[in-house]
Amino acid sequence: MAAASATVTPPIPRKDSPDSTATGSRIVTRRAALASPIAGSSVKREMGEQHQELHSSLAPSSHSSSSHPRKISPPSNGATMIATSNGAAAGGVDEIWLTMREEARRDAEAEPALASYLYSTILAHRSLERALAFHLGNKLSSSTLLSTQLFTMFVDTFMEDAEMRETIRADIAAVRERDPACVSFSHCMLNFKGFLACQAHRVSHRLWNQGRQSLALALQSRVSEVFHVDIHPAAKIGRGVLFDHATGLVVGETATIGNNVSILHNVTLGGTGAMGGDRHPKICDGVLIGAGAIILGPVRIGEGAKIGAGSVVLIEVPPHTTAVGNPARLVGGKLKPTKLKDIPSETMDHTSFISSWSDYVI
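*Asks:* Would you explain the overall build of the protein chain in this entry?
*Replies:* Scanning the protein chain for helices and strands turns up 12 helices and 17 strands. When the accessible area of the protein chain is evaluated, it comes to approximately 16500 Å², of which 55% is carbon and sulfur surface.

*Asks:* Any chance you could explain the environment of T272 here in plain terms?
*Replies:* Position of T272 relative to the elements: it lies in the loop between β9 (268-270) and β10 (282-283). In the structure, T272 is positioned 42 residues away from L314 in sequence and 9.9 Å away in space, judged by C-alpha atoms. Dropping the residues within four chain positions of it, T272 is found in contact with R279, G297 and P298.

*Asks:* What is the right way to look at the sheet that holds strand β7 (residues 256-257) in this model?
*Replies:* What holds strands together in a sheet is hydrogen bonding between their backbones, with the strands either parallel or antiparallel. Pairing within the open sheet is parallel, and its 4 strands lie in the order β4-β7-β10-β13. The open sheet has two edge strands, β4 (236-237) and β13 (300-301), and neither has a second partner. Pairing geometry for β10 and β13, over 2 bridges, is parallel. The residue bridging K282 from the neighbouring strand is R300, located in β13.

*Asks:* I'm lost on the packing of helix α7 (residues 162-178) against helix α9 (residues 193-209) in this one. Help?
*Replies:* When two helices pack together, their arrangement is given by the angle between their axes and by how far apart the axes lie. Put simply, α7 and α9 touch, their axes get as near as 11 Å, and they point 160° apart. When the axes of α7 and α9 are compared, the pair comes out roughly antiparallel. Every pair of crossing elements has a handedness; the one defined by α7 and α9 is right-handed. On the side of α7, the interface is formed by M164, T167, I168, D171 and I172, while α9 contributes F195, C198, Q199, R202, V203 and R206. Residue composition of the contact of α7 with α9, grouped by class: 6 nonpolar, 2 polar and 3 charged.

*Asks:* Any chance you could explain helix α10 (residues 213-227) here in plain terms?
*Replies:* Every α-helix carries 3.6 residues per turn, so stepping three or four residues along brings you back to the same face. Here α10 is 15 residues long and its end C-alpha atoms lie 21 Å apart, about the 21 Å a rise of 1.5 Å per residue gives. Within α10 the residues assigned to the buried category are A216, L219, Q220, R222, V223 and F227. Along the axis of α10, the buried positions cluster into a sector of 165°, meaning they face one direction only. A positive backbone phi angle near 60° is found at H228, which sits one or two residues after α10.

*Asks:* Any chance you could explain the sheet that holds strand β14 (residues 306-307) here in plain terms?
*Replies:* One open sheet holds the 6 strands; their spatial order is β5-β8-β11-β14-β16-β17, and the pairing between them is mixed. Two strands bound the open sheet, and with one partner strand each, they are β5 (242-243) and β17 (328-330). Where strand β16 (residues 322-325) lies against β17, 3 bridges are found, and the strand directions are antiparallel. Bridge pairing in β17 places A323 opposite L330.

About the cut-offs
- Residues numbered from 1 in each chain as written.
- Predicted model: local features only at pLDDT ≥ 70, side-chain atom pairs only at ≥ 80, totals over all residues.
- Heavy atoms only, no water.
- Helix = DSSP H or I, 4+ residues; strand = E, 2+ residues; numbered from the N terminus.
- Areas by Shrake-Rupley, 256 points an atom, 1.4 Å probe, with all protein chains shown as cover.
- Contact = heavy atoms within 4.5 Å.
- Pairing = 2+ DSSP bridges.
- Axes fitted to C-alpha atoms, helices over the stretch in contact; angles between N-to-C directions.
- Parallel < 35°, antiparallel > 145°, perpendicular 65-115°, else oblique.
- Left-handed = near helix turned anticlockwise from the far one by under 90°.
- Nonpolar A, V, L, I, M, F, W, Y, C, P; charged D, E, K, R; others polar.
- Expected span 1.5 Å × (residues − 1).
- Buried < 20%, exposed > 50% of the residue type's maximum accessible area, 1.4 Å probe, protein only.
- Arc of directions from axis to C-beta.

Spatial relationships are all this shows, so hold off on functional conclusions.
Spelled out as structure tokens, the structure:
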């Protein structure tokens, strides 16, 4: 059954409009949502809860303060609170989600034009997982792939996997800490396509491992079309990962990316040869890969290494070293390469090596 959809941001739903419910950038009719064979009980419950949560979401919270918003300093290793089945942290308080809601309330007050959008995407939901599932569903939907179907797929996947819920928060903390352009947690979730593409990949990767390759590949295709980020569903990605800007990022089927890694735009982790098998790079923990870098083949980039912008890497890079150029060479030389003292993925330092690498002047 075809479902009609509009592309305008709806106002806050009225109680006297029982036939429709606000869904961010689309209005999904109640009949279409319930008729979807994939929608299931999650969508039905979500629709019934929208009106009940409206006034409580916009009302002042005991945790909120528009003049003094909560500040969180994420740990440098990307770790954060462990999410339980209802989205709360192990200690009973999900600090990132509470802070995100405070930020949304503050922004809605400051910019009334965004009030309906912020309500639909953040304030109407009872957990970070449901808000993220809703936002991804709207971003990745099409005329033949409904946002209600995607919402159910995302939220069910998130709530079935406690480790994934923890990883989502580690990724948000990594973006907030390492990217000075990220002004808030809500800004990250709503507007950072690198973060959104990474979370969509985590779902497609789980689907792939469950033997649901067709759905995983369809999701990969939509992420590539919408976010311009192409990550094969079989690729393995750790936690606390930052895809900064992310446009043009390509990650091949057998590639692996460790924990606490930062990768900029137009990076290719590509294969070599037409044969199957292991043919893509292995990126270890704490690695920083600069914009436009190309790494080809099943080469290992050691822990805490740095790959300079625009470099082409074809062989292994030792841990805590810097590789720059085309073809890439180690700063300090192959025999005694200069060792990095800091974790490059955290410092995000792309240029300090230049004085020891060459006498480059303009």
